[in-house]
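As a plain string of letters, each chain reads:
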Amino acid sequence: MIEKIDTMCLAVKDVEKAGTWYEEKLGFTVSFKGDGYRVLDHPVPLTIEEKENVGSSSRNYPIFFTKDLDETYEQLKEKKVDVEDKQKDSENYYFDFYDLDGNRLQVCCYH
């Protein structure tokens, strides 16, 4: 039946601008261009889809993994990405950040 998650989908206002942002800020590559959407790879596919009404801070959001959260945090800040403060709980080290359309994204690292 279901074998895997094929991609995560986020709504964006302008697919061209958003695609460039994901390429420049996060190192994604465009693997497919469709009418009003792009599929980006790195390493899990992420689809950005152009919509008229884009809500900020979506309740659904992707969580990316990194081995060095502090380095990732600093790299995103250097690229002028909107990042929140780093957080820790008993098992995770993480922070939220936002794309051009206010979509919530998160990076985590396990203790």
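Residues numbered from 1 in each chain as written. Predicted model: local features only at pLDDT ≥ 70, side-chain atom pairs only at ≥ 80, totals over all residues. Heavy atoms only, no water.

Trainee: Account for the sheet that holds strand 1 (residues 8-12), with residues named and values stated.
Mentor: If you walk across this open sheet you meet the four strands as 1-4-3-2, and the pairing is mixed. This sheet does not close on itself; its edge strands, each paired only once, are strand 1 and strand 2 (29-34). Averaged over all pairs of adjacent strands, the angle between strand axes in this sheet comes to 25°, irrespective of strand direction. Both strand 2 and strand 3 (residues 37-41) contribute to a ladder of five bridges, which runs antiparallel. From the neighbouring strand, Val30 faces strand 3, where its bridge partner is Leu40. In the packing of helix 1 (residues 15-26) onto the sheet, the strands contacted are strand 1, strand 2, strand 3 and strand 4 (46-50), and the crossing angle to strand 4 comes to about 155°. (Pairing = 2+ DSSP bridges. Helix = DSSP H or I, 4+ residues; strand = E, 2+ residues; numbered from the N terminus. Axes fitted to C-alpha atoms, helices over the stretch in contact; angles between N-to-C directions. Contact = heavy atoms within 4.5 Å.)

Trainee: Before we move on, could you go through helix 2 (residues 69-78) and cite the residues and values that matter?
Mentor: The complete set of buried residues in helix 2 reads Leu69, Thr72, Tyr73 and Leu76. Taken down its axis, helix 2 places every buried residue within 100° of arc, on the same side. Elements in contact with the buried residues of helix 2: helix 1, strand 6 (82-83), strand 8 (92-98) and strand 9 (104-110). Phi turns positive one or two residues past the end of helix 2, at Lys80, with a value near 60°. (Buried < 20%, exposed > 50% of the residue type's maximum accessible area, 1.4 Å probe, protein only. Arc of directions from axis to C-beta.)

Trainee: Kindly report on the state of the cysteines, identifying the contributing residues and their values.
Mentor: By the definition in use, this model includes zero disulfides. Not engaged in a disulfide, the cysteine Cys108 finds its nearest cysteine sulfur in Cys109; these two sulfurs lie 7.3 Å apart. Its relative accessible area of 9% is what places Cys108 among the buried residues. Cys109 gets classed as buried once you look at its relative accessible area, which sits at 12%. (Disulfide = S-S within 2.5 Å.)

Trainee: Describe unusual backbone geometry, listing the residues and the values that go with them.
Mentor: Phi at His42 takes a positive value of approximately 160°, unusual for a residue other than glycine. Relative to the helices and strands, His42 is located in the loop between strand 3 and strand 4. Phi is positive for Lys80, close to 60°, though the residue is something other than glycine. Its place among the elements puts Lys80 in the loop between helix 2 and strand 6. Overall, the relative accessible area of 74% leaves Lys80 in the exposed class.

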